[in-house]
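# Summary of the model geometry
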Amino acid sequence: MICERDDFSLTGPLHLTSVDWANEHHRRSVAASLVQGIYVAERDRQLQREGPELALSPLWSEFFHFRLIRKLVDDADFSVFGGIYEYKPPQPPSSTVQSQELSPRFVIAFRGTVNKADSISRDIELDIHIIKNGLHTTTRFEIAMQAVRNMVASVGCSNVWLAGHSLGASMALLAGKTVARTGVFPECFAFNPPFLSPPIERIKDKRIKHGIRIAGSVITAGLALAKKATQQVSQNHRALPAPPDPFAALSDWFPRLYVNPGDHLCSEFIGYFEHRNKMEEIGAGFVERLATQHSLGGLVMDVVSGGKNTEAPVHLIPTAVLTVNISSSRDFKEAHGIHQWWREDKIFETKIYQYK
């Protein structure tokens, strides 16, 4: 029996018969559909839906003239966790040439956790690595990063989009951050990206919520200053120059984050960025500029690892284009789902946040 969510003809964005690449809704919908195509490709594999008669994944890309040219396969469980799509549009009419110039040539997409027996244990293992701030150490990420590097080197960063959902959003963001540190900035579409934090955003009383965030910022900034002072002493003893600020180096990269307030796994991105503005307004911008580069969990894990983990948590991002689905969701499953991001009946609000 075919699951309805896998069938493009039942749940896909059939309304997008023509894509305007200058239209944010169209770009978001196509990126989300390609990520869904990777989910379905893995379920095709597990359910042995092979060939043009049975496989459901091709429809999620071919409808928009994309072709899956390579599947990214995990070396531990052989699941399909990502894929590289190539855009092969028909000859466009002259009126859409400008729109086509904004399109990607390739999209590298990553799925999230699949709750099926053949992949669930490995996916949960990766989810735990996110919690432990160790995603960058996994072989799955190494496979993904090698694919991204090769594609960027081959066709140029401006021709490559990154996209992912949930666990896959963390993969896309981490790959994007890694590339952005070299001075080139890939388009990145992160749907429901995990933000590891207590669910402060769900507190209704704004004063209490703001008070908790201020206290958290002060504590985090204090611990970060202590860590920085310790590192400075060590560098002075070894006569080493101060390292460049890795957070500021990413400030010109604008990944696109898509979050739902009803999804506690990603909703903290809303408060993360809004709190920065509020701290600036009350004259505490310095505290927040320091705190926003760190997380309490990350600082604790750094102590546990003896300072060996130098990679910042994936969710700490200086700059972003944040889109929030402000429509109500029935439950967590809907709020965390990928399908919401191409729905015509949803209301979205977008804000740009830049680290200064």
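For the structure, check the block above.
Being a predicted model, the structure only gives us computed values, none of them experimental. (Residues numbered from 1 in each chain as written. Predicted model: local features only at pLDDT ≥ 70, side-chain atom pairs only at ≥ 80, totals over all residues. Heavy atoms only, no water.)

So, about the overall build of the protein. Broken down by element type, the protein carries 13 helices and 8 strands. Relative to its 356 residues, the protein shows a buried fraction of 51%. Relative to all contacts within the protein whose residues are 6 or more apart in sequence, the contacts with residues 24 or more apart total 74%. When the accessible area of the protein is evaluated, it comes to approximately 17,100 Å², of which 57% is carbon and sulfur surface. (Helix = DSSP H or I, 4+ residues; strand = E, 2+ residues; numbered from the N terminus. Buried < 20%, exposed > 50% of the residue type's maximum accessible area, 1.4 Å probe, protein only. Contact = heavy atoms within 4.5 Å. Areas by Shrake-Rupley, 256 points an atom, 1.4 Å probe, with all protein chains shown as cover.)

A few words now on the packing of aromatic side chains. Counting across every chain of the model gives 22 aromatic pairs. Between W21 and F66 the ring centres are 6.2 Å apart and the planes differ by 75 degrees, which places this aromatic pair in the edge-to-face class. You can see W21 sitting in the loop between α1 (8–11) and α2 (24–46) and its partner F66 sitting in strand β1 (residues 66–73), a full 45 residues away along the chain. Members of the aromatic cluster, joined through ring pairs, are W21, F66, Y87, W161, F189, F191, Y258, W341 and F348. (Phe/Tyr/Trp six-rings, centres within 6.5 Å; stacked < 30°, edge-to-face > 60°.)

This part is about the layout of surface pockets. In this structure, the second largest pocket spans a volume of roughly 930 Å³. Among the elements that line the lining of the second largest pocket, the one with the most residues is helix α13 (residues 332–336), at 4 residues. Along the lines of polarity and charge, the residues of the lining of the second largest pocket split into 11 nonpolar, 11 polar and 8 charged. (1 Å grid on protein atoms, 1.4 Å probe; cavity = no way out; pocket = protein on both sides within 12 Å on 5 of 7 lines; lining within 4 Å. Points joined across faces, edges and corners; volume = space filled by probe spheres on them. Nonpolar A, V, L, I, M, F, W, Y, C, P; charged D, E, K, R; others polar.)

What follows concerns the pattern of salt bridges. Inspection of every chain in the model, using the stated rule, returns 19 salt bridges. In this structure, the salt-bridge partner of R28 is E24, at a minimum N-O distance of 3.9 Å. Residue R28 and its partner E24 are located together in helix α2, separated by 4 residues, close to a single helical turn. The class of E24 is partly exposed, set by a relative accessible area of 24%. Here R49 and D44 are joined by a salt bridge, their closest N and O atoms 2.6 Å apart. Each member of the pair, R49 as well as D44, is classed as buried. Salt bridges sharing partners connect three or more residues here, namely D74, D75, R111, R122, D123, E125 and R140. (Salt bridge = Lys/Arg side-chain N within 4 Å of Asp/Glu carboxyl O.)

This part is about the packing of helix α6 (residues 139–155) against helix α7 (residues 167–180). Following both chains from N to C, one finds α6 and α7 inclined at 50 degrees, their axes separated by 10 Å at the closest point. One way to sum up the angle between α6 and α7 is to call them oblique. Between α6 and α7 the crossing geometry is right-handed. From α6, R140, F141, A144, M145, V148 and R149 reach across to α7, where they touch L167, M171, L174, A175, T178 and V179. The residue makeup of the contact of α6 with α7, split by class, is 9 nonpolar, 1 polar and 2 charged. (Axes fitted to C-alpha atoms, helices over the stretch in contact; angles between N-to-C directions. Parallel < 35°, antiparallel > 145°, perpendicular 65-115°, else oblique. Left-handed = near helix turned anticlockwise from the far one by under 90°.)

In this model α6 runs 24 Å from its N-terminal to its C-terminal C-alpha over 17 residues, within 8% of the 24 Å that 1.5 Å per residue would give. Restricting attention to buried positions, one finds in α6 the residues R140, F141, A144, M145, A147, V148, M151, V152 and V155. Buried residues in α6, looked at end-on, bunch into an arc of 160 degrees, giving them a common side. More than 90 degrees from the buried face of α6, the exposed residues found are A153 and S154. Where α6 is buried, its residues touch β1, β2 (80–87), β3 (106–110), α5 (120–131), β4 (160–165) and α7. Of the residues flanking the end of α6, it is G156, one or two places downstream, whose phi is positive at about 95 degrees. (Expected span 1.5 Å × (residues − 1). Arc of directions from axis to C-beta.)

A large share of strand β5 (residues 187–191) lies buried, amounting to 4 of its 5 residues. Note that β4 and β5 share 5 bridges and pair parallel. Across the sheet, residue G164 finds its bridge partner in β5, namely A190. At this point the chain moves from β4, through α7, to the parallel β5, and the crossover so formed is right-handed. (Pairing = 2+ DSSP bridges. Right-handed = clockwise from strand over helix to strand, strands pointing away.)

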